[in-house]
Protein chains: 2
Amino acid sequence: MPKTRKAHKTTSPSQKGTPKPGVPDFAKDIMNDCVQAKRASQQLAVSSTEIRHRALEAMAKALENSQSDIQFKNEIDIEVARKTGLTDALIDRLTLTPQRIRAMAQGLRDMMALPDPVGEIIEDRTQPNGMRLQKVRVPLGVVSIIYESRPNVTVDCAGLCIKSGNAVILRGGKEAINSNTALAHIIQNAAYEAGLPPGSIQLIQSTDRALIRDLVRMDKLIDLVIPRGGEEMVKAVRDMATVPVLSHGKGLCTVYIDKDADLGMAENIAFNAKTQRPGVCNAMETLLVHQDIAPQFIPGIIKRYEDAHVQIRGDAHVQNIGGDNILPAQEKDWDTEFLKLTAAIRVVPSLEEALVHIAKHSSRHSDSIVTNNPDTANRFLAEVDSAAVFHNASTRLHDGSV
Amino acid sequence: MPKTRKAHKTTSPSQKGTPKPGVPDFAKDIMNDCVQAKRASQQLAVSSTEIRHRALEAMAKALENSQSDIQFKNEIDIEVARKTGLTDALIDRLTLTPQRIRAMAQGLRDMMALPDPVGEIIEDRTQPNGMRLQKVRVPLGVVSIIYESRPNVTVDCAGLCIKSGNAVILRGGKEAINSNTALAHIIQNAAYEAGLPPGSIQLIQSTDRALIRDLVRMDKLIDLVIPRGGEEMVKAVRDMATVPVLSHGKGLCTVYIDKDADLGMAENIAFNAKTQRPGVCNAMETLLVHQDIAPQFIPGIIKRYEDAHVQIRGDAHVQNIGGDNILPAQEKDWDTEFLKLTAAIRVVPSLEEALVHIAKHSSRHSDSIVTNNPDTANRFLAEVDSAAVFHNASTRLHDGSV
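Criteria and thresholds
Residue indices follow the written sequence of each chain, beginning from 1 at its first position. Chains and ligands are labelled by the order in which they are written, letters from A for the one and numbers from 1 for the other. Predicted model: local features are reported for residues with pLDDT of at least 70 only, side-chain atom pairs are reported and counted for 80 or more only, and whole-chain, interface and lining totals are derived from all residues. Side-chain calculation: all heavy atoms of the structure are included, whereas hydrogens and water are not. Salt bridges are counted wherever a side-chain nitrogen of Lys or Arg sits within 4 Å of a carboxyl oxygen of Asp or Glu. In this scheme, a residue with accessible area under 20% of its type's maximum is buried, one over 50% is exposed, and one in between is partly exposed, where area comes from a 1.4 Å probe on protein chains only. Numbered from the N terminus, helices here are DSSP runs of H or I no shorter than four residues, and strands are runs of E no shorter than two. To obtain each axis, a line is fitted to C-alpha atoms, and for helices this fit is confined to the stretch in contact; angles are then taken between N-to-C directions over 0 to 180 degrees. By the definition adopted for this analysis, an angle is roughly parallel if under 35 degrees, roughly antiparallel if over 145, roughly perpendicular if from 65 to 115, and oblique otherwise. By the definition used in this description, the sense in which the near helix is turned from the far one sets the handedness, with an anticlockwise turn below a right angle giving left-handed and a clockwise turn giving right-handed. Contacts between residues were defined by any pair of non-hydrogen atoms, one from each residue, lying within 4.5 Å. Note that Gly is not counted as nonpolar here; it falls among the polar residues with everything else outside the nonpolar set of Ala, Val, Leu, Ile, Met, Phe, Trp, Tyr, Cys and Pro and the charged set of Asp, Glu, Lys and Arg. Strand pairing is assigned whenever DSSP detects at least two bridges linking the two strands. Each of two parts loses accessible area, computed with a 1.4 Å probe, when they are put together; buried area is these two losses added. Definition of a polar contact: a pair of N or O atoms within 3.5 Å, with one able to donate and the other able to accept a hydrogen when the atoms are protein atoms, and with sequence-neighbouring residues admitted only if both atoms are side-chain atoms. A least-squares superposition brings the copies together, and it is based on the C-alpha atoms of residues with pLDDT no lower than 70 in both.

1. Some thoughts on the pattern of salt bridges
Pairing between side chains of opposite charge can happen when their charged atoms approach one another.
Okay, step 1: In the structure shown here, the tally under the stated rule is 44 salt bridges over all chains.
Okay, step 2: We note a salt bridge from A:R100 to A:D92, for which the minimum N-O separation is 3.4 Å.
Okay, step 3: Classification of A:R100 by relative accessible area gives partly exposed; the value is 31%.
Okay, step 4: Across the pair B:K303 and B:D307 runs a salt bridge whose closest N-O atoms are separated by 2.8 Å. Residue B:K303 and its partner B:D307 are both found in helix 11 (residues 294-307); the two are separated by four residues, about one turn of the helix.
Okay, step 5: Among the ionic contacts, a cluster of salt bridges with common partners joins A:E57, A:K61, A:E64 and A:R109.

2. With respect to the packing of helix 13 (residues 351-361) of chain B against helix 14 (residues 374-383) of chain B
All names here are of chain B.
Okay, step 1: It is the contact of helix 13 with helix 14, at a shortest axis distance of 11 Å, that shows an interaxial angle of 20°. With respect to each other, helix 13 and helix 14 are oriented roughly parallel. As helix 13 packs across helix 14, the resulting crossing turns out to be right-handed. Judged by residue contacts, L351, E352, L355 and I358 of helix 13 engage T376, R379, F380 and E383 from helix 14.
Okay, step 2: Among the residues making up the contact of helix 13 with helix 14, the classes are represented as four nonpolar, one polar and three charged.

3. What about the sheet that holds strand 3 (residues 142-147) of chain B?
Residue and element names in this part refer to chain B.
Okay, step 1: A sheet is described by the order of its strands in space; here four strands give the open sequence 5-4-3-6, paired in parallel fashion. Taken across any chain shown, the strands that pair with only one partner, and hence form the sheet edges, are strand 5 (201-203) and strand 6 (224-228). Here the average twist between neighbouring strands, direction ignored, is 15°.
Okay, step 2: Relative to strand 6, strand 3 runs parallel, the two sharing five bridges. Within the sheet, the bridge partner assigned to Y147 lies in strand 6 and is R228.

4. Regarding the interface of chain B and chain A
Okay, step 1: With 16 residues of chain B in contact, the opposing surface of chain A contributes 16 residues.
Okay, step 2: Surface buried jointly by chain B and chain A totals about 1,400 Å² across both partners, of which 50% is contributed by carbon and sulfur atoms.
Okay, step 3: Interface area lost by chain B to chain A is led by B:V46, B:M131 and B:R238, which between them contribute 26%.
Okay, step 4: Taken together, the links from chain B to chain A amount to zero salt bridges.
Okay, step 5: At the junction of chain B with chain A, the criterion picks out zero residue pairs in polar contact (both at pLDDT 80 or more).
Okay, step 6: Mapped onto the side of chain B that touches chain A, the elements with two or more residues apiece are helix 9 (231-240) and helix 14 of chain B.
Okay, step 7: For the side of chain B that touches chain A, the per-class residue count stands at seven nonpolar, four polar and five charged.

5. Observations regarding the relation of the copies chain B and chain A
Okay, step 1: By a simple turn and slide, chain B fits onto chain A: the slide is 0.0 Å along the axis, the RMSD is 0.0 Å, and the turn is 180°. Taken together, these values place the two copies in the relation of a two-fold axis. Within chain B, the C-alpha atom positioned nearest to the axis of rotation is that of B:P244, 3.4 Å from it.
Okay, step 2: When the interface residues of chain B are mapped onto chain A, 100% of them are again interface residues, pointing to one common binding face.

6. What to know about the packing of helix 2 (residues 49-65) of chain B against helix 6 (residues 152-163) of chain B
Residue and element names in this part refer to chain B.
Okay, step 1: The contact between helix 2 and helix 6 brings their axes to 9 Å, and the two run at 160°. With respect to helix 6, the axis of helix 2 lies roughly antiparallel. For helix 2 against helix 6, the interelement crossing comes out right-handed. Between helix 2 and helix 6, the residues in contact are R52, H53, L56, M59 and L63 and V155, A158, G159, I162 and K163, respectively.

None of the figures reported here should be taken as evidence of function without further support.
Next comes the structure, spelled out in structure tokens:
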């Protein structure tokens, strides 16, 4: 890590003042961070594209130059994770390899290629009374991101906020606290050296859950809270927050195979959506199959699922076709985000019934139809009210930087 | 009012079932309304522009045809208002004249001239992998509007929601309950007759404040809450809500007269912004004057304010120039939304000081600069972080349908 001036550092309550034992004064500490962030946001809002891009490049370079530092701190988190018995999958998510560090740096550089939203004029007209009216995109101000996931989120979110002219207050999960702290310090210093105001990027180092309540009620200083994590955490943030919350719930995604589908394509999509990465929110949980093509389609997909160790829960129709290995689907299976190699499969008599099923059970994250009939596709695309609706594509394509 | 089929009618708790005395089961009643609205919103989301415009025209016509009906019910509200001692100004806001009823109808027709946002494709590109990606504007779903103000808000909000393909749940103030109920029934029936689904427009008839808490926590059924009213009500909604809230706070607007201003224009703008309608959120509360032109500018504007019975609270500089009638401004005056013929006036040494004052005291609603220097204007427009920022124009121009 290059020698740098010390940028603003957010400390945990125990490092500041003399708080009463057992009564950490979160609100006051967080308030200080927020005031710093607010001040930084005012300067960021009028900063040039050039200076923000210079900061992103500096952050990328600093990460590349600090690889061993980052891995050293990351090792501490991994050690703790092993001792506390985290699963191998979770430890893998936590681990920062040289390749993953380079990918974080590349992610920051990729952001520089995106158009700058700050100052974009989205409407410009002259009113009948002669007044010229412009609608101009401006940054939100201070964005706070509360996350549980991998340490690369620290860099990813900081970069996106800087790119869009916002100050950011990060609050990561305790499993990655050492990694996150190292990453945050590196990018903070780099951003500051590149000319961004102190307070542009902050990481809350206390991992006490109680402080989240204080954080999400700082509506005079924080402009948006984005919780990234499990359903329970997202719900808790929404319940407590007075700051506006940009949230998603769970990801219960559906693929519907229409009677006019190309069955080869349908099989590939249903297989990819379920198995490519089953633990994430854009993976398929429920497969709906039109009854007219069920006899041709179901045996093939079940074979492929079984070869990939996917456990299947089917309705009576699916069980009839698929044989004894199919578990009977319970009503609750249609509302379950399995997040593993389990698929619920149902045969439907019509497009209408598929739409009703999706309206009732989908979490409105990503849903897909496979069909070669354009009218059917257009109806599905119009009527399904989800963040992303796909035609002849896997729900897995709903992702950040694709 | 034409004979019509009965559209969905939201009733107050006392009219439904046999609730325990003193324990109104708001949540259940509101839940029913919300379920109806959600169902309607699914149909509205895929409805054609034509059918929504047909409904707006039918609503407009029905209002024109029901003038005496509306005035009859409005008289009841006015009677109650007189008995409970509402001010003349408030009674005036409440009163529906034939002219105002025609204006409501015209407002609905004006909405038909606006472009239809539903289905607008705001991005359309093909990814390197061949996938075609479209971003399409879709309705929010169910919008709930909680308001205190004039009965025309009932028609205005219902119209805007229908125009944009949303179902609406209205909850107006108790002073206008009879007028709002009459208006809602007329437009509900007209919309239903024109082919919109039942439940598209609903008015909650209970005026019990306790139900608002239940309403704003229906996050599975309501997609957005918009509180329109005083600061206290808006804050209460934000505190209680789990549904996303689109809110504004108070309107503490500033006009800054720069040293390079056209002083004649400056006087007209400062006078208009303060006096044209002092009781509303886009009226000016604070006037900042650059010290270089203060001696020429202040006597003239003070004369005009005094002729219009505006009480002035000035800093020492303003008092020196303006004479004995100027009250001394207290620190709290810079943070006070007077909403009446009172203006706080301060002399500032520079544009920078004006920007600092606005960042500290403005409510970020509307702020204006008067200057002929384009660099100064551009800096003000870029740095002031308010919903609307004006150059050589009155803050009063920040309004709905201008």
